[in-house]
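Examining the three-dimensional arrangement
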Amino acid sequence: GASATDTLHVTVHGLGADDGPLFINKAPTLAAIPSQQFNSDATIRLLLDRYAADDAPKEQLAWSALATPEEIVRIEIDSLGAATLSAVQPGRAEVIFTATDAGGLKASTRVELVILPPLSEKPTGDFNDNWRVDYEDFFQLIDAMGLTPLHPDWEPTLDLDFDGRISIDDFFIFADSFNAHNTGR
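What comes next concerns the included structure.

1. Remarks on unusual backbone geometry
Between Thr 68 and Pro 69 the backbone carries a cis peptide bond, its omega angle lying at -5°. By the element assignment, Pro 69 lies in the loop between strand 5 (62-68) and strand 6 (73-77). The backbone of Asp 129 shows a phi angle near 60°, a positive value even though the residue is not glycine. Counting through the fold element by element, Asp 129 comes out in the loop between strand 9 (106-116) and helix 1 (135-143). A positive phi is found at Phe 162, a non-glycine position, where the angle reads about 55°.

2. A look at the sheet that holds strand 8 (residues 91-100)
Strand order in this open sheet of four strands is 2-9-8-5, and the pairing throughout is mixed. Two strands lie at the open edges of the sheet, namely strand 2 (36-39) and strand 5, each paired on one side alone. Within this sheet the neighbouring strands show an average axis-to-axis angle of 30°, counted without direction. Where strand 8 meets strand 9, 10 bridges bridge the pair, whose relative direction is antiparallel. Across the sheet, residue Ile 96 finds its bridge partner in strand 9, namely Arg 110.

3. Points about the pattern of salt bridges
Scanning the entire structure with this criterion turns up five salt bridges. We note a salt bridge from Asp 78 to Arg 45, for which the minimum N-O separation is 3.6 Å. Highlighted residues: Asp 78 in the loop between strand 6 and strand 7 (82-87) and Arg 45 in strand 3 (residues 43-47), separated in sequence by 33 residues. Residue classification places Arg 45 among the exposed residues on the basis of a relative accessible area of 51%. With a shortest N-O distance of 3.1 Å, Glu 112 and Arg 92 are connected by a salt bridge. With Glu 112 in strand 9 and Arg 92 in strand 8, this pair connects stretches of sequence that are 20 residues apart. Arg 92 sits in the partly exposed class, given a relative accessible area of 35%.

So, how was this worked out
- Residues numbered from 1 in each chain as written.
- Predicted model: local features only at pLDDT ≥ 70, side-chain atom pairs only at ≥ 80, totals over all residues.
- Heavy atoms only, no water.
- Helix = DSSP H or I, 4+ residues; strand = E, 2+ residues; numbered from the N terminus.
- Pairing = 2+ DSSP bridges.
- Axes fitted to C-alpha atoms, helices over the stretch in contact; angles between N-to-C directions.
- Salt bridge = Lys/Arg side-chain N within 4 Å of Asp/Glu carboxyl O.
- Buried < 20%, exposed > 50% of the residue type's maximum accessible area, 1.4 Å probe, protein only.

Here it is in C-alpha cells:
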C-alpha cells in the first residue's frame, strides 16, 4: 500500500500574550424573584437588573416576560430593565422573566403573582376583614348556621343572601367566593 504524509500549519492571530485575555461569553444568571401580592386596582414595578448577573454590563440585557394566564396581569418592560406589572383582574398568575445577553444566551426565572380584589371591594365572605376569604371565615359562618336576628350572637354580615337567617344558601354563596379567591378564577 501507498501512503502519504503532509504537514499543515495553523496560525491564529490576535491571541498573543500582548493581546489580552480571551473573552468567552457566559449566560446571564437570575436570582429568584419573591412572590408578589397586590390589589387589582394597583400597579407594581420590579427592577429586574437587581435579580441579574452577567459578564457584560447588565444594561445590555434584553428582557421579556410571559404571564400565565395572560388575562390576570399586563406587563411592560422598559429599556432600563424595569417591569411594570398592572393587575387586570383578581387571581393567580405565574410570570416567567427571561434575560437575553448580547450573544443570545438566556436565563429565566419565575415569579408567582397573587392579585387581590381592589381595596374598594371587600370580597364576599370576608367576615374578619383581612381582605381574604379563608378558613377563618368558613368556621365563623359554620358556627353561625341556623341563627336569626332574634339570637344574641346574630351577625348580619354572615347573612349573605339577606333573608334574615344563616342557612345553607349563605354557605353556597360563601363557597363560590371561597373557590374564586383561592383557586385563581
